[in-house]
Amino acid sequence: MLKLFTPRSLISTVRCTARAYSAPVKSLTVDGKTYPSDEWTNIPPFILDLIQRKLHKNPDHPIGILHDLVKKSMNGMGYTIYDEFHPIVTKFQNFDVLGFPEDHPGRSKSDTYYFNKEHLLRTHTSAHEHECFQDCKTPGYLITADVYRKDEIDRTHYPAFHQLEGARYWSRLEPNYLEKIQQDIDSIPKTNIIVEDPFRDQPITENNPKQTYMTPEEVRLVATHLKKTIEYLVNQVFENARESAKKAGSTEPYLNEPLKVRWVEAYFPWTGPSWEIEVWWKGEWLECCGCGIVQRQVLLNSQLGEDKISWAFGIGLDRIAMLLFGIPDIRLFWSLDERFHKQFKRGEISTFAPYSKYPGVKRDVSFWLPSESTLHCNDVMEIVRSHAGDMAESVEVVDEFVHPKTGRKSQCYRINYQSMERNLTNQEINVIHGNVENDLTTRFDVEIR
Ligand code: PHE
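Residues numbered from 1 in each chain as written. Predicted model: local features only at pLDDT ≥ 70, side-chain atom pairs only at ≥ 80, totals over all residues. Heavy atoms only, no water.

## Topic: the sheet that holds strand β13 (residues 361-368)
Whenever strands of a sheet pair, they do so through backbone hydrogen bonds, lying parallel or antiparallel.
Now for step 1: Reading across the sheet, the four strands line up as β14-β15-β13-β16 and stay open at both edges, with antiparallel pairing between neighbours. Because the sheet does not close on itself, it has two edges, and the strands there are β14 (392-402) and β16 (447-448).
Now for step 2: As defined by bridge partners, β13 adjoins strand β15 (residues 409-417) across eight bridges and the pair is classed as antiparallel. Residue pairing for β15: S366 is matched across the bridge by C412.
Now for step 3: Contacts from helix α11 (residues 377-388) reach β14 and β15 within the one sheet, and its direction differs from that of β14 by about 140 degrees.
Now for step 4: Strand contacts of helix α12 (residues 426-444): β13, β15 and β16, with the helix running at about 20 degrees to β13, the strand carrying the most contacts. (Pairing = 2+ DSSP bridges. Helix = DSSP H or I, 4+ residues; strand = E, 2+ residues; numbered from the N terminus. Contact = heavy atoms within 4.5 Å. Axes fitted to C-alpha atoms, helices over the stretch in contact; angles between N-to-C directions.)

Written as structure tokens, this is what we have:
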């Protein structure tokens, strides 16, 4: 029996496996709104199905449990919570208002799902910064939402995932505003986290310049508040995970090591300077959050006035939830299998007990590319997902060469088909794999070898 978190009508489509790549459609209708198609339309049906799931709003799902833990940790600190935003946004919200250059790769059809040239599935929660800065009546806000990107297919990548955005601002018109920021810094709860930050006292470097309208002291204070807030959050989440693991009887050595993080410089079009935090967890540096001091233009576009200074961050929730709950494959978050869902309870970080893993079926597809090929590896990923759905466990390029005489380019992709729920038959994989080959041939003019 499946536990129903979604309307029954969705189950059949979510689990449906061999569907043709979306044929050209006149329009797409989602939640009562119709989006006329054009040459930008590139959303396959299986992606549309995911929009309805809202995993971050399910308090008994690992993503929802993590979301609730973050909300609880930030309670009473002046942040308005936004977690109801619809995933369809405009190009303006997702890119333009944030100052993405016209040729930024994130804007391309091979990275982003478009309904048409104006509407798309948000690729990050920063798409809502503009409206939150306009709407928010408290010193800061938090946004949690599902976001969508065309991506590789493997254990940790899925075309839909979740982010938590945070932002905070101050007015320079407030008397003694610098002291106020310092007081706000002092009121962030202390942690025992070990922090490696070469930029804490000197946040401005040649590669990571400040905006001209801010003084070095303002940058130092705002950056310190930003970083301490993130360190506090990281500490809350990972300490909680550690406590749960200990309570459950685990004696793994990492449970007695202090939590360690490091800061590295980064670049985002709408922040400057910008950084990323990495967390040392179970022997690996985990990249989990981009952040920075918000570009003045974004604040002015939101009619916030010339007096404001602000920071923002964006944390990816799925990778963290995988670590905290011991979830080995990101596809499991989207599973409708009761064996998954019955393992999680609101407010608790428990360790996932894997149920039987069904064997996979590996198939290669090798082809010659036409001379002026536009085939992007994300297109191959997309075609495989369209036909295999969640049976696509991983797709990788295993060989690539140029013929020395003819100059023709050849590529070979290895696809591992595997289901979380049952054994696959060779026969059904033959049909799906045949459809993948067909799509590659008709849509990208490749010649199967
Ligand atoms: N939106 C960025 C991302 O998806 C993260 C970010 C948020 C960076 C806010 C800076 C400020 O990677």
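## Observations concerning the sheet that holds strand β12 (residues 308-316)
Now for step 1: Overall, mixed pairing links the eight strands, which are arranged β3-β6-β7-β12-β11-β10-β9-β8 in an open sheet. The open sheet is flanked by β3 (79-82) and β8 (194-196), the only strands paired with a single partner. Pairwise comparison of adjacent strand axes, ignoring direction, gives a mean angle of 25 degrees for this sheet.
Now for step 2: In the sheet, strand β9 (residues 260-268) pairs with strand β10 (residues 271-281) via eight bridges, with the strands oriented antiparallel. Looking at the pairing, W263 lines up with I277 of β10.

## Details of the site of the ligand
Now for step 1: The ligand sits among 14 residues. The nearest are H124, S126, R149, Q163 and G314.
Now for step 2: Between the ligand and H124, the relevant distance is 3.1 Å, taken from a nitrogen atom to a side-chain nitrogen or oxygen of the residue.
Now for step 3: Side-chain polar atom of Q163 to an oxygen atom of the ligand: 2.9 Å apart, as the coordinates give it.
Now for step 4: Mapped by element, the contributors of at least two residues to the shell around the ligand are β7 (160-171), β11 (284-294) and β12.
Now for step 5: Of all the elements, β12 adds the most residues to the shell around the ligand, at three residues.
Now for step 6: Among the residues forming the shell around the ligand, the class breakdown is five nonpolar, six polar and three charged. (Near = heavy atom within 4 Å. Polar contact = N/O pair within 3.5 Å; in protein donor to acceptor, adjacent residues only side chain to side chain. Nonpolar A, V, L, I, M, F, W, Y, C, P; charged D, E, K, R; others polar.)

## Concerning the nonpolar core
Now for step 1: F115, F238, F313 and F333 are the most contacted members of the largest nonpolar core, which totals 107 residues.
Now for step 2: Looking at this core element by element, the count peaks at 13 residues for helix α7 (residues 216-247).
Now for step 3: If we ignore the near neighbours within four places in the chain, the residues touching F115 are L28, V30, Y35, P36, S37, T41, I43, L48, I51, I88, L120 and L121.
Now for step 4: Counting 24 residues, the second largest nonpolar core, distinct from the first, contains I153, V380, M381 and F444. (Core = buried A, V, L, I, M, F, W, Y, C linked by side-chain atoms within 4.5 Å. Buried < 20%, exposed > 50% of the residue type's maximum accessible area, 1.4 Å probe, protein only.)

## Side note on the domain arrangement of the protein chain
Now for step 1: When its domains are assigned, the protein chain resolves into domain 1 (27-342) and domain 2 (361-448).
Now for step 2: Between domain 1 and domain 2, the C-alpha centre-to-centre distance is 33 Å.
Now for step 3: Counting from both sides, the interface comprises 23 residues of domain 1 and, opposite them, 17 residues of domain 2.
Now for step 4: Between domain 1 and domain 2, a total of about 1600 Å² is buried, with carbon and sulfur atoms accounting for 51% of that surface.
Now for step 5: When residues of domain 1 are sorted by the area they lose upon contact with domain 2, F46, I153 and R331 head the list and together hold 46% of the total. (Domains from an automatic or database assignment. Buried area = accessible area lost by both parts, 1.4 Å probe.)

## Comments concerning the pattern of salt bridges
Should the charged atoms of two oppositely charged side chains come close, the side chains can pair.
Now for step 1: Counted according to the given criterion, the structure contains 28 salt bridges.
Now for step 2: Linking K71 and D68 is a salt bridge whose minimum nitrogen-to-oxygen distance equals 3.6 Å. With K71 and D68 both in helix α3 (residues 62-74), this residue pair falls three residues apart, about one helical turn.
Now for step 3: Here K71 makes a salt bridge to D83, at a shortest N to O gap of 3.6 Å. Here D83 lies in the loop between β3 and β4 (88-90) and K71 lies in helix α3, a separation of 12 residues in the sequence.
Now for step 4: Given a relative accessible area of 26%, K71 falls into the partly exposed group. (Salt bridge = Lys/Arg side-chain N within 4 Å of Asp/Glu carboxyl O.)

## A few points about the packing of aromatic side chains
Aromatic ring pairs are defined here through the distance separating the ring centres and the angle between the ring planes.
Now for step 1: According to the stated counting rule, one finds 22 aromatic pairs in the structure shown.
Now for step 2: Between F352 and Y355, the aromatic rings sit 5.8 Å apart at their centres with planes inclined by 80 degrees, giving edge-to-face as the arrangement.
Now for step 3: Given the relative accessible area of 5%, F352 is considered buried.
Now for step 4: Using a relative accessible area of 16% as the deciding quantity, one classes Y355 as buried. (Phe/Tyr/Trp six-rings, centres within 6.5 Å; stacked < 30°, edge-to-face > 60°.)

## A look at α11
Now for step 1: Taking 1.5 Å as the rise per residue, α11 with 12 residues should run 16 Å; its terminal C-alpha atoms sit 16 Å apart, in good agreement.
Now for step 2: Counting buried positions over the 12 residues of α11 gives 11, a clear majority of the element.
Now for step 3: Regarding α11, the residues found buried are N378, D379, V380, M381, E382, I383, V384, R385, S386, H387 and A388.
Now for step 4: Looking at the buried side of α11, the elements it contacts are α2 (45-51), β14, β15 and α12. (Expected span 1.5 Å × (residues − 1).)

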